[in-house]
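Read off the chains here:
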Amino acid sequence: MAEFPDERQLVLRARSQLDQWTKSARREAYTELFEGDDPLLSPEEVQLLDALDSELERQGGDGVWGTDQYGIHTAGTSSSDTSLGVVCVYHPQITKDSVLRGRDGLDDETEERLNAALWKYSERVATLIEAKLDDFVRRTQS
């Protein structure tokens, strides 16, 4: 009978995969939410986010699309069969004092739409990563 790795070892092994899972989940979530049949934002709004992303990167920052961050926790989730889960620990957001807002004089309504879309995107990425984590745990424990 195979021994199951303890939870600490399982988390460490899963964390070593987190960057790869995140990159894949970001691509999938972006395609699903911004390029699908019913996108969250208009093409013009996506273009605005892309321009804001480029502006931040030119100023030495991380941009918009690469700033979301995820972590593995051990509290478990209602959608998971395991004791491990994924949480978004940093959601990208456009604020009044950010370079993003000031450049084009972004109005409040547009700022809110962009931030809501970024929030949904980050939460979708977390869900997709968690599915990969669940699969990893199942394969590791079988």
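Computed from a predicted model, the values in this text were never measured in an experiment.

Q: Would you mind going over the packing of aromatic side chains in detail, with residue names and values included?
A: The tally for this structure, following the rule as stated, stands at six aromatic pairs. Pairing Tyr30 with Trp65 gives two aromatic rings, centres 5.1 Å apart and planes at 85 degrees, and the pair type is edge-to-face. Taken together, the residues span a long stretch of sequence, with Tyr30 in helix H1 (residues 7–34) and Trp65 in the loop between helix H2 (43–58) and strand E1 (69–73) at a distance of 35 residues. The residues Tyr30 and Trp65 share a single accessibility class, namely buried.

Q: Can you lay out the nonpolar core for me, pointing to particular residues and giving the numbers?
A: Judged by nonpolar contacts, the single largest core of 36 residues is most densely connected at Phe34, Leu49, Leu114, Tyr121, Ile129 and Leu133. Elements that contribute at least two residues to this core include exactly H1, H2, E1, strand E2 (85–90) and helix H4 (108–141). With eleven residues, the top contributor of residues to this core is H4.

Q: Just give me the short version of H4, but keep the residues and values in it.
A: Helix length check: H4 (34 residues) gives 49 Å between terminal C-alpha atoms against 50 Å at 1.5 Å per residue, within 8%. One side-chain oxygen of the residue at the start of H4 lies 3.1 Å from the amide nitrogen of Glu109, identifying that residue as Asp107.

Q: Break down the packing of H2 against H4 for me, with residues and values.
A: With their axes 11 Å apart at the nearest point, H2 and H4 run at an angle of 80 degrees to one another. The pairing of H2 with H4 is recorded here as roughly perpendicular in orientation. Note on element contacts: H4 touches H2 through Thr110, Arg113, Leu114 and Leu118, opposite Glu45, Leu48, Leu49 and Leu52. Residue composition of the contact of H2 with H4, grouped by class: five nonpolar, one polar and two charged.

Q: Describe the environment of Ile94, and please don't skip the residues or the numbers.
A: Tracing the sequence through the fold places Ile94 in the loop between E2 and helix H3 (99–104). For the pair formed by Ile94 and Leu52, sequence separation is 42 residues and the distance between their alpha carbons is 9.5 Å.

About the cut-offs
- Every residue gets a number counted from 1 within its own chain, in the order that chain's sequence is written.
- Given that the model is predicted, a residue must reach a pLDDT of at least 70 before its local features are reported, and side-chain atom pairs must reach 80 or more before they are shown or counted; all residues, however, enter totals for whole chains, interfaces and linings.
- In computing side-chain properties, one takes all heavy atoms of the structure into account and sets aside hydrogens as well as water.
- Two rings from Phe, Tyr or Trp (for Trp, the six-membered ring) form a pair when their centres sit within 6.5 Å of each other. Planes less than 30 degrees apart are called stacked, planes more than 60 degrees apart edge-to-face, and all others tilted.
- Numbering of helices and strands runs from the N terminus, with a helix taken as a DSSP run of H or I at least four residues long and a strand as a DSSP run of E at least two residues long.
- The rule is simple: take the accessible area with a 1.4 Å probe, protein chains only, and divide by the maximum for that residue type; under 20% is buried, over 50% is exposed, in between is partly exposed.
- To qualify as a nonpolar core, a set must consist of buried Ala, Val, Leu, Ile, Met, Phe, Trp, Tyr and Cys residues joined through side-chain atoms within 4.5 Å.
- Any helix carries an expected span of 1.5 Å times its number of residues minus one.
- Any N or O atom pair separated by 3.5 Å or less is treated as a polar contact, with the protein-specific requirement of one donor-capable and one acceptor-capable atom, and with residues adjacent in sequence counted only for side-chain atom pairs.
- Geometry is summarised by axes, namely lines fitted to C-alpha atoms with helices restricted to the contacting stretch, and by angles between N-to-C directions that run from 0 to 180 degrees.
- Roughly parallel means an angle under 35 degrees; roughly antiparallel, over 145; roughly perpendicular, 65 to 115; everything else is oblique.
- Contacts are assigned to residue pairs with any non-hydrogen atoms lying within 4.5 Å of each other.
- For this classification, the nonpolar set comprises Ala, Val, Leu, Ile, Met, Phe, Trp, Tyr, Cys and Pro, the charged set comprises Asp, Glu, Lys and Arg, and every other residue, Gly included, is treated as polar.

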